[in-house]
Amino acid sequence: MSEEIINRVASSKLITFNLEDHYPEGERVLFDIKDWLMDGFVLREKDFREQAKAHDWGKYDGQYVALICSSDAIIPAWAFMLLATYLQPYAKKVITGDLETLESILYADIIEKLDLSELKNKPVIVKGCSHKPVPKNAYLLLIEKLQPIVKSLMYGEACSSVPLYKKTKG
């Protein structure tokens, strides 16, 4: 009984798509403006502008920056906009929100620009396990882009995948 063992996964036409392969390299920074507020709650425009002007913005060169206020202070939109004007020459991307929001926005930009034409009418599996922080929202954005063009969609690994979608005829 020396039958040849055939690796059906390797010979499958299934295409694996790994979002982790598109992870944008660069340091992520959470910039909390709470410390620039009087008692952590009151934004005094003159003081805020002085701190912004005196801050060393060059240290954010090549980084992705998420601007937040961790206190319950009500922050006017112009305050975040002002900080963005200082960060713009240095940071790769500046957003208002936490680090998960930052990752979602980065992946939204990446997924929007992907050319997925080679996946047209093909069975695709979206790889599930990743070692980099791929946000859950990125998977939904990818499905939105893939579903209209692929033959079928699965999630996981080729040896143990979860079927998500199969194009029906007609």
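Because the structure is predicted, anything quoted here is derived from the model rather than measured.

J.: Is there a simple way to think about the overall build of the chain in this case?
T.: The number of helices and strands found in the chain is four helices and seven strands. Each helix and strand of the chain, ordered N terminal to C terminal, gives the series β-β-α-β-α-β-α-β-α-β-β. At 22 Å, the chain has a C-alpha radius of gyration far larger than the 15 Å of a compact globule built from 170 residues. When the backbone C-alpha atoms are referred to their principal axes, the chain occupies close to 80 × 40 × 30 Å.

J.: Teacher, can you tell me more about helix H4 (residues 136–146) here?
T.: Because the α-helix completes a turn every 3.6 residues, residues three or four places apart line up on one side. Within H4, burial applies to Ala138, Tyr139, Leu142 and Leu146. Down the axis, H4 shows its buried residues gathered within 100° of arc, on one side only. Among the exposed residues of H4, those oriented more than 90 degrees off its buried face are Lys136, Leu140 and Glu144. At its buried positions, H4 is contacted by strand S1 (15–17), helix H3 (99–113), strand S5 (123–127) and strand S6 (152–157).

J.: Looking at this structure, I do not really get the packing of aromatic side chains. What am I missing?
T.: The geometry of an aromatic ring pair is captured by the separation of the ring centres together with the interplanar angle, meaning the angle of the planes. Scanning the entire structure with this criterion turns up nine aromatic pairs. Judged by centre distance (5.6 Å) and plane angle (25°), the rings of Phe31 and Trp57 are stacked. Taken together, the residues span a long stretch of sequence, with Phe31 in strand S2 (residues 28–32) and Trp57 in the loop between helix H1 (45–54) and strand S3 (64–68) at a distance of 26 residues. The burial state of Phe31 is the same as that of Trp57; both residues are buried. Cluster of aromatic residues (ring-pair linked, three or more members): Phe31, Trp36, Phe48, Trp57, Tyr60, Trp78 and Tyr86.

J.: Can you help me understand a nonpolar patch on the surface in this one?
T.: Together, Met38, Phe41 and Val42 make up a nonpolar patch on the protein surface, roughly 270 Å² of accessible area in all. With respect to the secondary-structure elements, Met38 resides in the loop between S2 and H1.

J.: I tried to follow the sheet that holds S3 on my own but got confused; where do I start?
T.: Pairing between sheet strands relies on hydrogen bonds along the backbone, with the strands arranged either parallel or antiparallel. Here three strands make up an open sheet; going across it, the order is S2-S3-S4 and the pairing parallel. In this open sheet, the two strands that pair with only one neighbour each are S2 and strand S4 (93–96). Strand-to-strand, the axes of this sheet are offset by a mean angle of 20°, without reference to chain direction. Pairing between S3 and S4: four bridges, direction parallel. For Leu67, the partnering residue across the bridge sits in S4 and is Thr96. Sheet strands touched by helix H2 (residues 77–87): S2, S3 and S4. Its angle to S3, the strand with the most contacts, is close to 160°. In this fold H3 packs onto S2, S3 and S4, with an angle of close to 125° to the strand it touches most, S4.

J.: Could you clarify how one ought to interpret the sheet that holds strand S7 (residues 160–166) in this entry?
T.: One open sheet accounts for four strands, arranged S1-S5-S6-S7; its pairing is mixed. The open sheet has two edge strands, S1 and S7, and neither has a second partner. The average undirected angle you get between the axes of adjacent strands in this sheet is 30°. Summarising the sheet, S5 and S6 pair through five bridges and their orientation is parallel. Bridge pairing in S6 links Ile125 to Met154. Sheet strands touched by H4: S1, S5, S6 and S7. Its angle to S5, the strand with the most contacts, is close to 170°.

Rules used in this analysis
Residues numbered from 1 in each chain as written. Predicted model: local features only at pLDDT ≥ 70, side-chain atom pairs only at ≥ 80, totals over all residues. Heavy atoms only, no water. Helix = DSSP H or I, 4+ residues; strand = E, 2+ residues; numbered from the N terminus. Rg over C-alpha atoms; globule rule 2.2 N^0.38 Å. Buried < 20%, exposed > 50% of the residue type's maximum accessible area, 1.4 Å probe, protein only. Arc of directions from axis to C-beta. Contact = heavy atoms within 4.5 Å. Phe/Tyr/Trp six-rings, centres within 6.5 Å; stacked < 30°, edge-to-face > 60°. Patch = residues over 30% accessible without salt bridge, like charges linked within 9 Å, V, L, I, M, F, W, Y side chains within 5 Å. Areas by Shrake-Rupley, 256 points an atom, 1.4 Å probe, with all protein chains shown as cover. Salt bridge = Lys/Arg side-chain N within 4 Å of Asp/Glu carboxyl O. Pairing = 2+ DSSP bridges. Axes fitted to C-alpha atoms, helices over the stretch in contact; angles between N-to-C directions.

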